[in-house]
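# A look at the structure
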Amino acid sequence: MTDPHATAERILRRFARDTNLLIAGRPIRVSAEAEDTATALAVAGMARALGARLVEDDATGPDVLDIEIDGDNAALSLGGAPLAPRGDAAGRLDFARAHMPVSNALATEIREAGTVRGLRIGVSMTLEPKTANLALLLADAGADVAVYAHPDETDPAVAQALRERGVPVDADPDLSGTAEREAALAWLRRGFDVVVDDGSHLVRLAHEAAPELIEGWIGVTEETTSGLTPLRALHAAGLLRTPVVAVNDAATKTGFDNRYGTGQSCVLAIADLIEHVDATVRDLPVLVIGYGPVGVGVAAHLTALGAHVSVAEIDPLRALLATHDGYEVGRAEDLAHGALVVSCTGVAGTVTRELLELAGIVAVAGGVPGEVDLDESSLQPVVVAGAPVPHLDVDVERGTLVLDRGGCINVTAAEGNPIEIMDLSFATQLAAIRSLVEERPGIGVHALPDDAVGHVAATAAHVRGVALDAAPASSAADADWRSRRYRDIDA
Ligand SMILES: NC(=O)c1ccc[n+]([C@@H]2O[C@H](COP(=O)([O-])OP(=O)(O)OC[C@H]3O[C@@H](n4cnc5c(N)ncnc54)[C@H](O)[C@@H]3O)[C@@H](O)[C@H]2O)c1
């Protein structure tokens, strides 16, 4: 019989891969005959470590995942029905939509308020089923939506399904170099009121090459950390020409997307890939570089799979946090030897040539170009059973496995973050678009106001059936600011 932990990992990875759904927070029930008890215990333990909630026999509901262990395999059911394939791109789009109730609720409010009716909204993001749904929700709310996706970040079948539902999509996976830049500029020339960007690539291109196009913009909503850093630099240099809402920084985005979403999707994508060369994260030392929210999530998910994780950080506060989470913290060059090294910094040049030489396997969860200082000329595809394994190369000079040629592993080698995570992120995007259109902030990089973030959280708690405790009724004592400790008892 196979190692129960290996079986557990494979079963949970299969669920995540087949559905693109989140394990953290999911009610899970594991059952098995007596002879499979060890595997059942391993699945339950690993699911719990990944954030799932183990439920009793009588628990029901559409989110309940049933895992019925059968030797080295398992039958999976969701909401009482056997897990069925999602089908073609249209099917994957509909499946994602059905698991995006928070974005649906926010979009309904926007539609009823007429917030985006008639506005031209450009969405520039990795094009997969969740993003397609964001575009469709905005179109349903009355906006005139156009989508752009980078050639490396396009699922052509999803692009076609979106076109068939009436949204123009500029996404040609065959473009590169100048032609690709021209295509991006042509998309910007469509003219927009609001641009929804991810990595601020299109917004920066407009500032560099076509600033006249920015004149009429109401503003930009930016999805991610690595997109906000250059926009802040642009503003500091006095060159930013548009208001920006920092969607990434809202707690309903960073606290879930960067932390749980990236953790699950990057770690499971890595495990899926290295399985082709019979490696598992449990058998390798693992070094996580960067302990921001993404590093926290990646380290936690690797640990849940049984990996021995250490952390390298340049920021003392984040380094201290890592020690309190139980990780060995040190210099990357001391910890990288033979390790699976995962860069979670979003900073170019993080994995230097020296680290590449020391590491056994290198992967990127951050995702800026050049995060690994690659020697492209010495990369060769890994061949298993006579065929090259997609997204898996070996640096022949250094003997290091390089995953996805240093690209953002969950985006290019998998289906991106889990659906429920993007549901929250896109609900936050919708709140940011509403805030931008209604409040019209000036040029600058603005936080999404607390009440808007609170509204997304309250909506999510409501539609996901998370009961909130009742706050005690406020009493006159709450309004009395005087110290109770030093009360003047003689007065
Ligand atoms: N893959 C995805 O789906 C996904 C999702 C969300 C965010 N991201 C990206 O992941 C990256 C990280 O996001 P975050 O929110 O955690 O960012 P962050 O900036 O909060 O954290 C990055 C951390 O890396 C540390 N760091 C930087 N350079 C380092 C070095 N050379 N050695 C050691 N530590 C170093 C920083 O001190 C910081 O603590 C960003 O680029 C972000 O855009 C990816």
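Residues numbered from 1 in each chain as written. Predicted model: local features only at pLDDT ≥ 70, side-chain atom pairs only at ≥ 80, totals over all residues. Heavy atoms only, no water.

## Focus on the packing of aromatic side chains
Under the definition given, this model contains 4 aromatic pairs. Plain terms: the ring middles of W187 and F192 are 4.5 Å apart, the flat faces sit at 45° to each other, and that makes the pair tilted. With relative accessibility at 0%, the residue W187 sits in the buried group. Under the relative-accessibility criterion, F192 is labelled buried at 3%. Plain terms: the ring middles of Y291 and Y327 are 5.9 Å apart, the flat faces sit at 70° to each other, and that makes the pair edge-to-face. Of this pair, Y291 sits in the loop between β12 (285-289) and α11 (293-304) while Y327 sits in the loop between α12 (316-324) and β14 (328-329), and the two are 36 residues apart along the sequence. Cluster of aromatic residues (ring-pair linked, three or more members): Y148, W187 and F192. Taking NZ or CZ as reference, R259 lies 4.2 Å from the ring centre of Y260, over its face. (Phe/Tyr/Trp six-rings, centres within 6.5 Å; stacked < 30°, edge-to-face > 60°. Buried < 20%, exposed > 50% of the residue type's maximum accessible area, 1.4 Å probe, protein only. Helix = DSSP H or I, 4+ residues; strand = E, 2+ residues; numbered from the N terminus. Lys NZ or Arg CZ within 6 Å of the ring centre and 35° of its normal.)

## Considering the sheet that holds strand β2 (residues 53-54)
Strand order across the open sheet formed by 5 strands is β2-β1-β3-β4-β5, with mixed pairing between neighbours. Every other strand in the sheet has two partners, leaving β2 and β5 (81-82) as the edge strands with one partner each. Seen against the sheet, helix α1 (residues 4-19) touches β3 (65-70) and β4 (73-78) and runs at an angle of roughly 35° to β4. (Pairing = 2+ DSSP bridges. Contact = heavy atoms within 4.5 Å. Axes fitted to C-alpha atoms, helices over the stretch in contact; angles between N-to-C directions.)

## Some remarks on the pairing of β4
Regular strands place side chains that alternate from one sheet face to the opposite one. Sheet topology note: the β3/β4 ladder contains 6 bridges and is antiparallel. Bridging from a neighbouring strand, L65 pairs with L78 of β4. Connecting the antiparallel pair β3 and β4 is a turn made up of 2 residues, with G71 showing a positive phi of about 65°. Note that β4 and β5 share 2 bridges and pair antiparallel.

## Overview of the packing of α1 against helix α10 (residues 251-274)
Interaxial distance between α1 and α10 falls to 10 Å at its minimum, and their mutual angle equals 120°. By the angle between their axes, α1 is oblique relative to α10. As for the relative orientation of α1 and α10, their crossing is left-handed in sense. Here E9, R13, A16 and R17 of α1 come into contact with α10, specifically with Q264, L268, A271 and D272. Classifying every residue of the contact of α1 with α10 gives 3 nonpolar, 1 polar and 4 charged. (Parallel < 35°, antiparallel > 145°, perpendicular 65-115°, else oblique. Left-handed = near helix turned anticlockwise from the far one by under 90°. Nonpolar A, V, L, I, M, F, W, Y, C, P; charged D, E, K, R; others polar.)

## A word on the packing of helix α3 (residues 89-98) against helix α6 (residues 156-164)
Where α3 contacts α6, the two axes come as close as 8 Å, and the packing angle between them is 75°. Judged on the interaxial angle alone, α6 and α3 are roughly perpendicular. Contact residues: A89, A90, R92 and L93 in α3; A157, V158 and A161 in α6. Taken together, the residues of the contact of α3 with α6 break down into 6 nonpolar, no polar and 1 charged.

## Description of the sheet that holds β14
The strands making up a sheet associate through backbone hydrogen bonding, with each pair oriented either parallel or antiparallel. The 8 strands lie next to each other as β14-β13-β12-β15-β16-β19-β18-β17, forming an open sheet whose pairing is mixed. At either margin of the open sheet sits one strand with a lone partner, and together these are β14 and β17 (379-384). Pairing analysis gives 5 bridges linking β12 to strand β13 (residues 308-312), with the strands arranged parallel. What sits directly across from P285, in β13, is H308.

## Thoughts on the domain arrangement of the protein
Domain annotation for the protein reports domain 1 (4-82), domain 2 (89-254 + 417-463) and domain 3 (259-412). A separation of 27 Å is found between the C-alpha centroids of domain 1 and domain 3. Counting residues at the interface gives 14 residues for domain 1, matched by 11 residues for domain 3. Note on domain 1 versus domain 3: buried area summed over both sides is about 1,100 Å², and carbon and sulfur give 58% of it. It is E9, R13 and L50 in domain 1 that bury the most area against domain 3; as a group they hold 48% of the surface buried on that side. At the boundary of domain 1 with domain 3, the tally comes to 5 salt bridges. Taking the shortest distance from any N to any O, the salt bridge between R282 and E9 comes out at 3.5 Å. (Domains from an automatic or database assignment. Buried area = accessible area lost by both parts, 1.4 Å probe. Salt bridge = Lys/Arg side-chain N within 4 Å of Asp/Glu carboxyl O.)

## What to know about the site of the ligand
Lining the immediate surroundings of the ligand are 26 residues, of which T224, N258, E313, R318 and N410 lie closest. For the ligand, an oxygen atom lies 3.0 Å from a polar atom in the side chain of S226. In isolation the ligand has 860 Å² of accessible area, and contact with the protein removes 85% of it. Mapped onto the shell around the ligand, the elements with two or more residues apiece are α9 (225-236), α10 and α11. In terms of residue class, the shell around the ligand is built from 9 nonpolar, 12 polar and 5 charged. When residues of the shell around the ligand are assigned to domains, at least three map to each of domain 2 (89-254 + 417-463) and domain 3 (259-412). (Near = heavy atom within 4 Å. Polar contact = N/O pair within 3.5 Å; in protein donor to acceptor, adjacent residues only side chain to side chain. Areas by Shrake-Rupley, 256 points an atom, 1.4 Å probe, with all protein chains shown as cover.)

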